[in-house]
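Chain by chain, the residues:
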Amino acid sequence: EKDSICEASIFKTVKKYFNAGGTPEEVVTSLADSFEGVGNLARQLVLWLQFCGESQANVERFVEQHVKDLLVQNFDPKKADSFFVSDEGDLPGWLEEMISYPTWRNLFYILADKHPDCIMLNFTIKLISDAGFTDEISSVSSASQQIVVFSKILNTSIASILRFRGSTLESILADLTKLVCSSKHTYFYTMSLLHHAGKDRGGGYKLRYLAQELGKRARDMNHDTCHITLALCGAGAYPTIYQSLTSMLTLSKNTLNTGDITTLYQLYSSDDPPPVAFLRLPQLYELLIESLYTPGRKISKEHYDKFIFILAYAVSVTERWDSEHRKSINTKRLEPTIDAIKVSSFLSLTHTNTR
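Structural notes, computed from the coordinates. (Residues numbered from 1 in each chain as written. Predicted model: local features only at pLDDT ≥ 70, side-chain atom pairs only at ≥ 80, totals over all residues. Heavy atoms only, no water.)

1. Focus on the overall build of the protein
On a plain count of helices and strands, the protein comes out with 18 helices and two strands. A globule of 355 residues ought to have a C-alpha radius of gyration of about 20 Å, yet the protein, at 31 Å, is considerably larger. For the protein, the spread of C-alpha atoms along the three principal axes comes to 100 × 50 × 35 Å. Counting only contacts in the protein whose residues sit at least 6 apart along the sequence, the fraction spanning at least 24 positions is 57%. Considering the protein, the positive charge centre built from 37 side chains and the negative charge centre built from 41 side chains are found 12 Å apart. (Helix = DSSP H or I, 4+ residues; strand = E, 2+ residues; numbered from the N terminus. Rg over C-alpha atoms; globule rule 2.2 N^0.38 Å. Contact = heavy atoms within 4.5 Å. Lys, Arg positive; Asp, Glu negative; His and termini not counted. Charge placed at Lys NZ, Arg CZ, Asp CG, Glu CD.)

Laid out in structure tokens, this is it:
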């Protein structure tokens, strides 16, 4: 190959050649014939650019960008993986040196997204994570393939979300959503962690809100998260509830129907209603509010009160639980909430129609 003498592994290659019966004269001839001095030419070009008035910083930036472009264009994942599958696959010294520079870490992020199955790149992403740059790789989709790396990113991202506000928070959320939604496994893993951590009476409400926000963003990306959401809140133990909610909230439906609303009404108006948590789903809230407050949406008088009851029940009824057993249900605010929703819904539709 061209400029073989400049390769880091040239001494090992020459040793193998000698062991196979090669002669020093043949080695010298082969290395001399293949030498073109591309590296020397590049250094000379750098000197010319500086001589013409370019600053050293600009020249370095130009060279680095050009090398990055060439590597992205010509990177061969099979050759890269040969470092890790061969008998002499020790970790190259240049690899650890490269990940200490932001420019080359960014190169690995680009290559990892382009070649997600490359062993060498996945290993490098883990090295970068271990080196303390976890916050940089939250947007690298291949990071989700390694549970250790993914867990570190998840932990770092959640901590950052709880700490930051404004545009920084939005950027972190966008990267985290992309990573979490890279597969069903990562989404379920994340939502399971948030669900269990959200039970904490201290700051658990923040994690519950984060789980709801991730769920909404996942739906906006056309991921059907309904079954996972219902499974985590325990709706699977109530087949009738589960069937009614999935028939309305799956991505292909995402609309309310009078049959399932009637089923929910009958269950929650009974003497032993299901847990109110099954109704406290942001997606269900949105559909109920849209049905009751959007002009032009007509609900028959027969079912209108049932829609109101379900929304009022979800936002006003509280429960006390002892482990897995419900100790009490407080419906004191249910009737006033029903009345308030009736009035506000009527005023909203009437005001709009009279404008």
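2. Notes on helix H8 (residues 119-130)
Given a rise of 1.5 Å per residue, twelve residues ought to cover 16 Å, and the 17 Å separating the end C-alpha atoms of H8 matches this to within 8%. The complete set of buried residues in H8 reads Met120, Leu121, Asn122, Thr124, Ile125, Leu127, Ile128 and Ser129. Following H8 by one or two positions, Gly132 has its phi on the positive side, about 100 degrees. (Expected span 1.5 Å × (residues − 1). Buried < 20%, exposed > 50% of the residue type's maximum accessible area, 1.4 Å probe, protein only.)

3. Structural notes on the pairing of strand E2 (residues 325-330)
Bridge count for strand E1 (residues 318-322) against E2 is five bridges, and the pairing is antiparallel. Paired with Glu319 across the bridge in E2 is Ile329. (Pairing = 2+ DSSP bridges.)

4. A short note on the side chain of Thr177
The residue Thr177 is located in helix H10 (residues 166-180) in this model. With relative accessibility at 4%, the residue Thr177 sits in the buried group.

5. Focus on the packing of aromatic side chains
The tally for this structure, following the rule as stated, stands at five aromatic pairs. Where Tyr238 meets Phe278, the ring centres are 5.2 Å apart and the plane angle is 65 degrees; that geometry is what we call edge-to-face. With Tyr238 in the loop between helix H13 (226-232) and helix H14 (239-249) and Phe278 in the loop between helix H15 (258-268) and helix H16 (282-293), this residue pair connects regions lying 40 residues apart in the sequence. Joined through ring pairs, the aromatic side chains of Tyr265, Tyr268, Phe309 and Tyr313 make up one cluster. The ring of Phe133 carries Arg105 above its face, with NZ or CZ at 3.7 Å from the centroid. (Phe/Tyr/Trp six-rings, centres within 6.5 Å; stacked < 30°, edge-to-face > 60°. Lys NZ or Arg CZ within 6 Å of the ring centre and 35° of its normal.)

6. Looking at unusual backbone geometry
Of note in the backbone geometry, Asn222 takes a positive phi value of approximately 70 degrees without being a glycine. Residue position: Asn222 is located in the loop between helix H12 (204-220) and H13. Judged by relative accessible area, which is 60%, Asn222 ranks as exposed.

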